[in-house]
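Each chain, written out:
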Amino acid sequence: MTLGTPRIILETERLLIRSWVDADRDLFREINADPKVMEYFPFRRSHAESDALLDKLNGSIRETGLGFYALELTETAEPIGFCGLSLANMPEIFPKETVEIGWRLATRFWGKGYVTEAAGALLDFAFDEKSIQAVLAFAVEHNRRSTAVMQRIGMKPCPQMDFDHPRVPDTHPLLKRHVVYAAVSSRVTTA
Ligand SMILES: CC(C)(COP(=O)(O)OP(=O)(O)OC[C@H]1O[C@@H](n2cnc3c(N)ncnc32)[C@H](O)[C@@H]1OP(=O)(O)O)[C@@H](O)C(=O)NCCC(=O)NCCS
């Protein structure tokens, strides 16, 4: 499948947040096969599986405007990973309309604040442009780098919502327990 021309979602100080293009396929394959990036996932993806997932992610962005968007470094025009807003698609755990924010970067781009920059801008986008009332994030409880992003963008822990991921097999008990963080739009008022 050809992914077409990019749809720009947002620009931040150092990043372009956009839909995917075919030139991103190598980077996406790389991150989905890297044991360090995938440390908290119970599987790795082959190149074919990675390409198929990219088609699916891009289809969601094209159809709904929401999805896991590509992050491009403005200075060099190279893709570095993804960050985005997506339906959580976990009916066993969350109501159908629940929106999650998620991220994944190639390791050489860790430690520079890129995901914090993208995710903070995307939370504002969710609340101000998409009228989303609340956004959740979840991660394996030991995934400190991911929960640190949640904390840096002002999300709050919701320990009463922590859960055992239904799609993590029992063969990976250390990857089952997930912690949940939430951000709520300032437009939501409580009576
Ligand atoms: C989770 C993940 C995206 C976080 O990456 P990260 O580089 O730690 O996060 P950021 O891009 O926000 O960068 C923050 C780091 O950059 C540093 N930094 C440098 N410049 C910065 C800036 N301008 N703003 C903020 N942080 C900055 C921070 O101090 C922090 O460093 P530290 O790790 O030493 O504390 C990355 O580890 C990853 O892809 N992991 C694998 C996939 C994964 O687990 N995804 C989540 C599944 S739920």
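What comes next is a walk through the structure. Within any chain, residue numbers begin from 1 and follow the written order of that chain's sequence. Owing to the predicted nature of the model, reporting of local features is limited to residues with pLDDT of at least 70; listing and counting of side-chain atom pairs is limited to 80 or more, with chain, interface and lining totals taken over all residues.

Let's talk about the nonpolar core
Moving on, step 1. As used here, a nonpolar core is made of buried Ala, Val, Leu, Ile, Met, Phe, Trp, Tyr and Cys residues. They are joined through C-beta atoms within 7 Å. Here the C-beta atoms are placed from the backbone, and a residue counts as buried if at least 20 other C-beta atoms lie within 10 Å of its own, exposed if 12 or fewer do, and partly exposed otherwise. Counting 44 residues, the largest nonpolar core has Leu71, Cys83, Ala118 and Ala119 as the members making the most contacts within it.
Moving on, step 2. A run of H or I in DSSP counts as a helix once it spans at least four residues, and a run of E counts as a strand once it spans at least two, with each numbered from the N terminus. Take this core: its biggest share by element is seven residues, from helix 3 (residues 114-128).
Moving on, step 3. Not counting chain neighbours up to four residues away, the residues in contact with Cys83 comprise Tyr69, Leu71, Trp103, Val115, Ala118, Ala119 and Leu122. Once C-beta atoms are placed from the backbone, any two residues with those atoms within 7 Å are in contact.

Remarks on the packing of helix 1 (residues 25-33) against helix 2 (residues 47-64)
Moving on, step 1. Taken N-terminus to C-terminus, the directions of helix 1 and helix 2 make an angle of 120°; their axes are 9 Å apart at the nearest point. Classified by the angle their axes make, helix 1 and helix 2 are oblique. Crossing geometry of helix 1 relative to helix 2 is assigned as right-handed. Within the contact between the two elements, helix 1 uses Arg25, Phe28, Arg29 and Asn32 and helix 2 uses His47, Ser50, Asp51 and Leu54.
Moving on, step 2. Lys, Arg, Asp and Glu make up the charged group, whereas Ala, Val, Leu, Ile, Met, Phe, Trp, Tyr, Cys and Pro make up the nonpolar group; the residues left over, Gly among them, are polar. Residues of the contact of helix 1 with helix 2, tallied by class, amount to two nonpolar, three polar and three charged. What counts as an axis is a line fitted to C-alpha atoms, over the stretch in contact for a helix, and the angles between N-to-C directions run from 0 to 180 degrees. With respect to orientation, any angle under 35 degrees is reported as roughly parallel, any angle over 145 as roughly antiparallel, any angle of 65 to 115 as roughly perpendicular, and every other angle as oblique. Left-handed describes a crossing whose near helix is turned anticlockwise from the far helix through less than a right angle; right-handed describes the clockwise counterpart.

Brief notes about helix 3
Residues spaced three or four apart along an α-helix face the same direction, because each turn holds 3.6 residues.
Moving on, step 1. Between the first and last residue of a helix there are one fewer steps than residues, each counted as 1.5 Å, and that sum is the expected span. For helix 3, spanning 15 residues, the distance from its first C-alpha to its last is 21 Å, which sits close to the expected 21 Å at 1.5 Å a residue.
Moving on, step 2. Every buried residue of helix 3 is accounted for by Tyr114, Val115, Ala118, Ala119, Leu122, Leu123 and Ala126. For helix 3, the angular spread of buried residues about the axis comes to 150°, placing them on one side. Opposite the buried face of helix 3, by more than 90 degrees, sit the exposed residues Asp124 and Asp128. What the arc describes is the spread of directions from the helix axis to the C-beta atoms.

Examining unusual backbone geometry
Moving on, step 1. At Asn89, a position not held by glycine, the phi torsion is positive, near 55°.
Moving on, step 2. As for its placement among the helices and strands, Asn89 is situated in the loop between strand 4 (78-87) and strand 5 (99-105).
Moving on, step 3. Under the C-beta neighbour-count criterion, Asn89 is labelled exposed, with 10 such atoms within 10 Å.
Moving on, step 4. For Ser131, which is not glycine, the phi torsion reads 55° and is therefore positive.
Moving on, step 5. Secondary-structure assignment places Ser131 in the loop between helix 3 and strand 6 (134-140).

Considering the site of the ligand
Moving on, step 1. Near the ligand there are 19 residues, and of these Trp110, Gly113, Val115, Thr116 and Ala139 occur at the shortest range.
Moving on, step 2. For the shell around the ligand, the secondary-structure elements that each account for two or more residues are strand 5, helix 3 and helix 4 (144-152).
Moving on, step 3. Classifying every residue of the shell around the ligand by side-chain character gives 10 nonpolar, six polar and three charged. As used in this record, a residue near a molecule or strand is one whose C-beta atom, placed from the backbone, is within 6 Å of it.

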